[in-house]
Amino acid sequence: MRRPTAAPSTRSPPLTRRPHEHHHDPSGRTQRRHHRRRSGIGRATALKFAADGDRVLAVDVNRDGVEATVRAIEEAGGSALAFGGDLGEQRVVDAVVERAVAAFGGLDVLVNNAGVMDRMSALGETDDAEWDRVLRINLTAPFLLTRAALPHLLAAGGGAIVFTASEAGLRGGAAGAAYTAAEHGVIGLVKNLAVTYRDQGIRANAIAPGPTATGIRVDAAPEAHGPAVIGRLIGAVTGRISSPEEQAAALAFLASDAASFINGAVLPVDGGWSAV
Ligand SMILES: NC(=O)c1ccc[n+]([C@@H]2O[C@H](COP(=O)([O-])OP(=O)(O)OC[C@H]3O[C@@H](n4cnc5c(N)ncnc54)[C@H](O)[C@@H]3O)[C@@H](O)[C@H]2O)c1
């Protein structure tokens, strides 16, 4: 039986395929690891899926980082494959999918997670380079990867695609113009996928993380109007910051059979920020 499962990558998208039924590790092994690492949502997700028994191909433009993720999975007694490459490039995306299919014999799950932050610039201060960089990685890359993976998910009789969007996909007060536009775009992709492929057994969902303790870089432009306005809004309402593992748990849930009737949903994982 082919079952949608989870799979992430290091911070980026992961592709996974579940070999057999798996059981939750009762030892709390995963939990302990969480406290030893400082990592991104992708790494936490790759660890989570591997701990759950899924076969994971982790992808990141940072080759050392993705290899460290795989080592962490191996130390925990699991196994995974690492792939280094820029997911904004079609040839990389094609190679990623080819590698996963060759290794696993098919695909059940795709996690689109890789992303970068903008400079918190307001629209009038956003130059072409900032716009292109953020849109290419945060919106075009998941489009490319999903397009490449879809035929294999369909061949498997269906599957789950999960995206890491952002609170900035729900509101205007969480980032600069480029990131906000890209994350709203991701949510549009999710909803359109959910509608257009549901009869073929594909589910597409997203998490919308609030501020999360990861290595993501925010190089706020010194001249930017954005941080002065947005920073105040964020500070006023977020409460505490989440761990990458709290985000990974939500991605794993959306990718699992426990979410079998959830499609086109955007799940805020933000401690209630979006409810304020
Ligand atoms: N950290 C937060 O507060 C937060 C909040 C909301 C949403 N998010 C989203 O969560 C996702 C994960 O971010 P994170 O916080 O774990 O940050 P992170 O920087 O720890 O991880 C992001 C990873 O993406 C990789 N990456 C960047 N460009 C890439 C490319 N072109 N190809 C392949 N890999 C690439 C980076 O090397 C990095 O390892 C992102 O999509 C981000 O927008 C993060």
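That block above? That's the structure.
If you're wondering where the values come from, they're calculated on a predicted model, not measured in any experiment. For every chain, the first residue of its written sequence is number 1, and the numbers climb from 1 along that sequence. For this predicted model, a pLDDT threshold of at least 70 governs which residues receive local features, and a threshold of 80 or more governs which side-chain atom pairs are given and counted, while totals over whole chains, interfaces and linings are taken from all residues.

Peer 1: Explain the environment of A175 here, please?
Peer 2: Only DSSP runs of H or I reaching four residues or more are called helices, and only runs of E reaching two or more are called strands; each is numbered from the N terminus. Within the fold, A175 resides in the loop between β5 (159-164) and α6 (177-197). Along the sequence, A175 and S121 sit 54 residues apart, while their C-alpha atoms lie 8.0 Å from each other. We call two residues in contact when the distance between their C-beta atoms, placed using the backbone, is within 7 Å. If we ignore the near neighbours within four places in the chain, the residues touching A175 are M117, D118, M120, A168, T180 and I230.

Peer 1: Quick question: what am I supposed to make of α6 here?
Peer 2: Side chains that are three or four residues apart share a direction in an α-helix, a result of its 3.6 residues per turn. Taking 1.5 Å of rise per residue, the 21 residues of α6 would be expected to cover 30 Å, and the 30 Å separating its terminal C-alpha atoms lies within 8% of that figure. In this structure, the buried residues of α6 make contact with α5 (128-155), β5, β6 (202-209) and β7 (266-269). One fewer than the residue count of a helix, multiplied by 1.5 Å, yields its expected span.

Peer 1: Explanation requested: the packing of helix α2 (residues 41-51) against helix α3 (residues 63-75) in the structure shown.
Peer 2: Between two packed helices, both the angle of their axes relative to each other and the distance between the axes serve to describe the pair. In this description, a line fitted to the C-alpha atoms serves as the axis of each element, helices being fitted only across the stretch in contact, and the angle between N-to-C directions of two axes falls anywhere from 0 to 180 degrees. At their nearest, the axes of α2 and α3 sit 10 Å apart, and the two run at 30 degrees to each other. Classified by the angle between their axes, α2 and α3 sit roughly parallel to one another. Between α2 and α3 lies a crossing of right-handed hand. Residues R43, A46, L47 and A50 of α2 pack against T69, A72 and I73 of α3. When residues are sorted by character, Ala, Val, Leu, Ile, Met, Phe, Trp, Tyr, Cys and Pro go into the nonpolar class, Asp, Glu, Lys and Arg into the charged class, and all the rest, Gly among them, into the polar class. Its residues assigned to classes, the contact of α2 with α3 comprises five nonpolar, one polar and one charged. Every angle not falling under 35 degrees, over 145, or within 65 to 115 is termed oblique; those three ranges are roughly parallel, roughly antiparallel and roughly perpendicular. Crossings are classed by handedness, with left-handed meaning an anticlockwise turn of the near helix from the far one by less than a right angle and right-handed meaning a clockwise turn.

Peer 1: Please clarify how helix α4 (residues 90-104) should be interpreted in this entry.
Peer 2: With 15 residues, α4 should reach 21 Å at 1.5 Å per residue; the first-to-last C-alpha distance of 21 Å fits that figure. In this scheme the burial state of a residue depends on its C-beta neighbours within 10 Å: 20 or more other such atoms mean buried, 12 or fewer mean exposed, and anything in between means partly exposed; the C-beta positions come from the backbone. Every buried residue of α4 is accounted for by V92, V93, V96, V97, A100 and F104. Down the axis of α4, the smallest arc covering the buried residues is 130 degrees, so these residues share one side. Residues of α4 that are exposed and point more than 90 degrees away from the buried face comprise R91, E98 and A102. Throughout, the arc means that of the directions going from the helix axis to the C-beta atoms.

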